[in-house]
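These are the residues of each chain, in order.
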Amino acid sequence: DVKVTQSSRYLVKRTGEKVFLECVQDMDHENMFWYRQDPGLGLRLIYFSYDVKMKEKGDIPEGYSVSREKKERFSLILESASTNQTSMYLCASSLLSPLNGEGEKTQYFGPGTRLLVL
Amino acid sequence: QKEVEQNSGPLSVPEGAIASLNCTYSDRVSQSFFWYRQYSGKSPELIMSIYSNGDKEDGRFTAQLNKASQYVSLLIRDSQPSDSATYLCAGGTGFQKLVFGTGTRLLVSP
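Parameters and conventions
- Residues numbered from 1 in each chain as written.
- Chains lettered and ligands numbered in written order.
- Predicted model: local features only at pLDDT ≥ 70, side-chain atom pairs only at ≥ 80, totals over all residues.
- Heavy atoms only, no water.
- Contact = heavy atoms within 4.5 Å.
- Buried area = accessible area lost by both parts, 1.4 Å probe.
- Salt bridge = Lys/Arg side-chain N within 4 Å of Asp/Glu carboxyl O.
- Polar contact = N/O pair within 3.5 Å; in protein donor to acceptor, adjacent residues only side chain to side chain.
- Helix = DSSP H or I, 4+ residues; strand = E, 2+ residues; numbered from the N terminus.
- Nonpolar A, V, L, I, M, F, W, Y, C, P; charged D, E, K, R; others polar.
- Disulfide = S-S within 2.5 Å.
- Buried < 20%, exposed > 50% of the residue type's maximum accessible area, 1.4 Å probe, protein only.

Caption draft 1: A look at the interface of chain A and chain B. The interface of chain A with chain B comprises 28 residues on the first partner and 20 residues on the second. Interface area for chain A against chain B, summed over the two sides, is near 1800 Å², with a carbon-plus-sulfur share of 56%. Here chain A and chain B share 0 salt bridges between them. Counting the contacts that link chain A with chain B gives 4 residue pairs in polar contact (both at pLDDT 80 or more). Looking at the side of chain A that touches chain B, the elements with two or more residues in it are β4 (31–38), β5 (42–49) and β9 (87–94) of chain A. A class-by-class count of the residues in the side of chain A that touches chain B yields 14 nonpolar, 9 polar and 5 charged.

Caption draft 2: Broad picture of the side chain of B:Thr104. All names here are of chain B. Looking at where Thr104 falls in the secondary structure, it is placed in strand β11 (residues 104–109). Side-chain polar atoms of Thr104 contact the backbone oxygen of Asn7, separated by 2.4 Å. Not counting residues up to four positions away in its chain, the partners in contact with Thr104 are Gln6, Asn7, Ser8, Gly9, Leu11, Leu21, Ala85, Thr86 and Tyr87.

Caption draft 3: Focus on the state of the cysteines. Across all of its chains, the model carries 2 disulfides over all chains by this definition. At a sulfur-sulfur separation of 1.8 Å, the disulfide partner of A:Cys23 is A:Cys91. Across the disulfide from A:Cys23 to A:Cys91, rotation about the S-S bond amounts to roughly -75°, and the bridge is consequently left-handed. In this pair, A:Cys23 is assigned in strand β3 (residues 19–25) and A:Cys91 in strand β9, connecting sequence segments 68 residues apart. In this structure A:Cys23 comes out as buried when scored by relative accessible area, which is 0%. The disulfide partner of B:Cys23 is B:Cys89, and the gap between their sulfur atoms is 2.1 Å. Between B:Cys23 and B:Cys89 the disulfide shows an S-S torsion of about -70°. By sign, it is left-handed.

See below:
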């Protein structure tokens with residue numbers, strides 16, 4: 001079974017704090033993703049990485065950065081937390097899809113981190 | 001047009017009935033599709049994936065893909081109260097990425 005773990009289930013931070021969210025997967029997946037999920041807006045991609053030290057911006061990267069120093073670990077960093085970053089943060093991983101043929105691979109999600117910024 | 005669209009619901013069905021969940025997609029979405037179930041406060045879990053035109057069955061679940069009409073559906077037979085959740089439809093887009101619909105909330109009443 002794929003296992004994706006996230007460092008915290010619940011987190012409360014103050015405005016302006018630097019926040020680190022960590023995600024670890026144990027299935028040797030190349031791809032890792034960070035999403036946020038808000039009511040009525042669904043899942044929105046913040047950043048993803050398809051290899052160590054590689055990162056690509058998603059749809060809403062502003063105010064976030066990421067780090068992938070090891071294949072199994074993908075960190076999301078809020079440089080200076082703001083109240084509008086209060087949300088559920090979900091990490092996911094998947095195998096690398098071939099550029100032609102089979103299409104995108106299933107993404108497996110971690111349990112999520114509910115972040116409250118006061 | 002959104003890349004993946006779903007009716008937000010709620011879709012209410014009685015226990016034992018068939019629940020039918022639908023999803024339409026735009027030209028920007030590729031031909032790989034996924035259905036996830038998400039219970040309140042939990043993360044999405046995969047139910048089914050479908051890549052080819054037609055039906056794919058797994059237990060009480062059947063996914064249907066119609067590429068000509070650009071829709072994907074999920075049928076849940078013999079619905080149970082434990083099936084009450086939000087169902088997310090997702091499709092491939094761009095490089096290695098999925099785009100998700102906002103989900104349809106399903107309520108199964110005993």
